[in-house]
Amino acid sequence: MPPVEEHRIVCHLEQLLAQRDMTLVELSERVGTSVANLSILKNNRAKAVRFSTLTALCEVLNCAPGDLFALDDERN
């Protein structure tokens, strides 16, 4: 089995929620996705994100994709 290649994309969902005084449950209801899926994203365990989910997150959080994700130069 080939080694699992880790990505270097980090998600800033936790910070964005804190800045907006919003819970993961509230975000889940407004975006229309499960708390479990958002938790995976928030904890940087997601392997992919649908564009429709990304669009909904950006609309609800009033942010751009670059506010939600960044490339972590520390990980190699």
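Calculation rules
Residues numbered from 1 in each chain as written. Predicted model: local features only at pLDDT ≥ 70, side-chain atom pairs only at ≥ 80, totals over all residues. Heavy atoms only, no water. Salt bridge = Lys/Arg side-chain N within 4 Å of Asp/Glu carboxyl O. Helix = DSSP H or I, 4+ residues; strand = E, 2+ residues; numbered from the N terminus. Buried < 20%, exposed > 50% of the residue type's maximum accessible area, 1.4 Å probe, protein only. Contact = heavy atoms within 4.5 Å. Core = buried A, V, L, I, M, F, W, Y, C linked by side-chain atoms within 4.5 Å.

Below, the discussion takes up the pattern of salt bridges. This model, assessed by the stated rule, comprises two salt bridges. Between Arg8 and Asp73 there is a salt bridge whose closest N-O contact spans 3.3 Å. With Arg8 in the segment before β1 (9-11) and Asp73 in the segment after β2 (69-71), this residue pair connects regions lying 65 residues apart in the sequence. For Glu26, the salt bridge identified is with Arg30, shortest N-O distance 3.6 Å. Taken together, the positions of Glu26 and Arg30, both in helix α2 (residues 24-31) and four residues apart, correspond to about one turn of that helix. According to the relative accessible area criterion, Glu26 is partly exposed, its value standing at 31%. Residue Arg30 is classed as partly exposed on the basis of its relative accessible area of 49%.

Okay, unusual backbone geometry next. Residues other than glycine seldom take positive phi values, yet Asp21 does so here, at roughly 50°. When you line up the elements, Asp21 lands in the loop between α1 (13-19) and α2. Since its relative accessible area comes to 71%, Asp21 is described here as exposed. A positive phi angle, close to 50°, is found at Asn62, a residue other than glycine. Tracing the chain through its elements places Asn62 in the loop between α4 (51-61) and α5 (65-68).

Right, let's talk about the side chain of Asp72 for a bit. Along the chain, Asp72 turns up in the segment after β2. Asp72 has contacts with Arg8 and Val10, leaving out every residue within four places of it along the chain.

This part covers the side chain of Ser28. Among the structural elements, Ser28 can be located in helix α2. The buried category is assigned to Ser28, whose relative accessible area is 10%.

Our next topic: the nonpolar core. Burial of nonpolar side chains together is a common tendency in soluble globular proteins. One finds Leu13, Leu17, Leu27, Leu57, Leu61 and Leu68 to be the most contacted residues of the largest nonpolar core, which totals 19 residues. At the level of secondary structure, the elements contributing two or more residues to this core comprise α1, α2, α3 (35-42) and α4. Sorting elements by how many residues they give to this core places α4 first, with six residues. When residues no more than four places from it in sequence are discounted, the contact partners of Leu61 are Leu13, Leu16, Leu17, Arg20, Met22, Leu27 and Leu68.

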